[in-house]
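Summary of the model geometry
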Amino acid sequence: MNEVIVLFDGYSKQLDDETMDANCSCTLIKGQKNIIVDTMTAWDRERLVEALHKQNLDPLDIHYVVCTHSHSDHIGNNNLFINAEHIVGQCVQSGTKFYEKRIKDGKYKLCEGVTVIATPGHTAQDVSVLVDVETKDGKLVYTITGDLFEKEEDIEDPSIWKALGTIELQEVQKAMRSHVLDLANIIIPGHGPMFPVTEAMKLQSKRVD
Ligand SMILES: [Zn+2]
């Protein structure tokens, strides 16, 4: 049985023409394995350890670190988790060993109900994490997407994600966003609170713009 706990909601705001204040969503998955998705900036070390302690976990209890992509605000505390395998984008590493084939056909199952999938767009190497969660109303799929979705508002206003992504990959990102909306019931975006997926969002994402 998997539990998804957002330790910190991501956010981003433009301060002026040249400066953005941002930090990523940081999510803990508790199930057969303990998994942390995106480790925020190097300046968040103490509060991340504190947040884990509140969940009765030490950084050494984490089995997998997944960084949705390798931007500095998503990888800042990876070295807290030295008992874990690290999946940074589509690069899988443990110590000095690199496992080039663990992400097969764009997928890597970490444990029952938790799968990493390749979702290029924001960068060419982006991944998302799909988590099956049993609820009293049946199974829900939580998807931790990193910056494939910046925040809920970028569905209504695609200029938000387009401004932050890789221009050459915009069409890929658009297609991946639509694909993830079809798979997910709930999205935890890179820089905003989690939100439920609606039918209107799926339609919106397929619109030609
Ligand atoms: Zn980010």
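As the structure is a prediction and not an experimental result, all values here were calculated from the model.

**Focus: the sheet that holds strand β6 (residues 64–67)**
Spatially, β1-β4-β5-β6-β7-β8-β9 is the arrangement adopted by the seven strands of the open sheet, whose pairing is mixed. Each end of this open sheet is capped by a strand with a single partner; those strands are β1 (3–8) and β9 (97–98). Contacts between helix α1 (residues 45–54) and the sheet are confined to β1, β4 (26–30) and β5 (34–37), with β1 contributing the most and set at about 145° to the helix.

**Overview of the coordination of the zinc ion**
Only His74 (NE2), Asp147 (OD) and His191 (NE2) from the protein reach the zinc ion as donors, at distances of 2.1 Å. Sequence spacing of the donors to the zinc ion: H-x72-D-x43-H. With Asp147 in the loop between β13 (138–146) and α3 (153–156) and His191 in the loop between β14 (186–189) and β15 (195–196), this pair connects stretches of sequence that are 44 residues apart. A single burial state applies to Asp147 and to His191, both of which are buried.

**Details of the pairing of strand β12 (residues 127–135)**
It is a general feature of regular strands that their side chains alternate between the two faces of the sheet. By the bridge criterion, five bridges tie strand β11 (residues 114–118) to β12 in an arrangement that is antiparallel. Counterpart to Val116 in the pairing with β12 is Val129. The sheet contact formed by β12 and β13 spans seven bridges and is antiparallel. Residue Val133 lies in a different strand from β13, and its bridge partner there is Leu140. Hairpin connection of β12 to β13: two residues between the antiparallel strands.

Calculation rules
- Residues numbered from 1 in each chain as written.
- Predicted model: local features only at pLDDT ≥ 70, side-chain atom pairs only at ≥ 80, totals over all residues.
- Heavy atoms only, no water.
- Pairing = 2+ DSSP bridges.
- Helix = DSSP H or I, 4+ residues; strand = E, 2+ residues; numbered from the N terminus.
- Contact = heavy atoms within 4.5 Å.
- Axes fitted to C-alpha atoms, helices over the stretch in contact; angles between N-to-C directions.
- Donors = N, O, S within 2.8 Å, 3.2 Å for Na, K, Ca; no water.
- Buried < 20%, exposed > 50% of the residue type's maximum accessible area, 1.4 Å probe, protein only.

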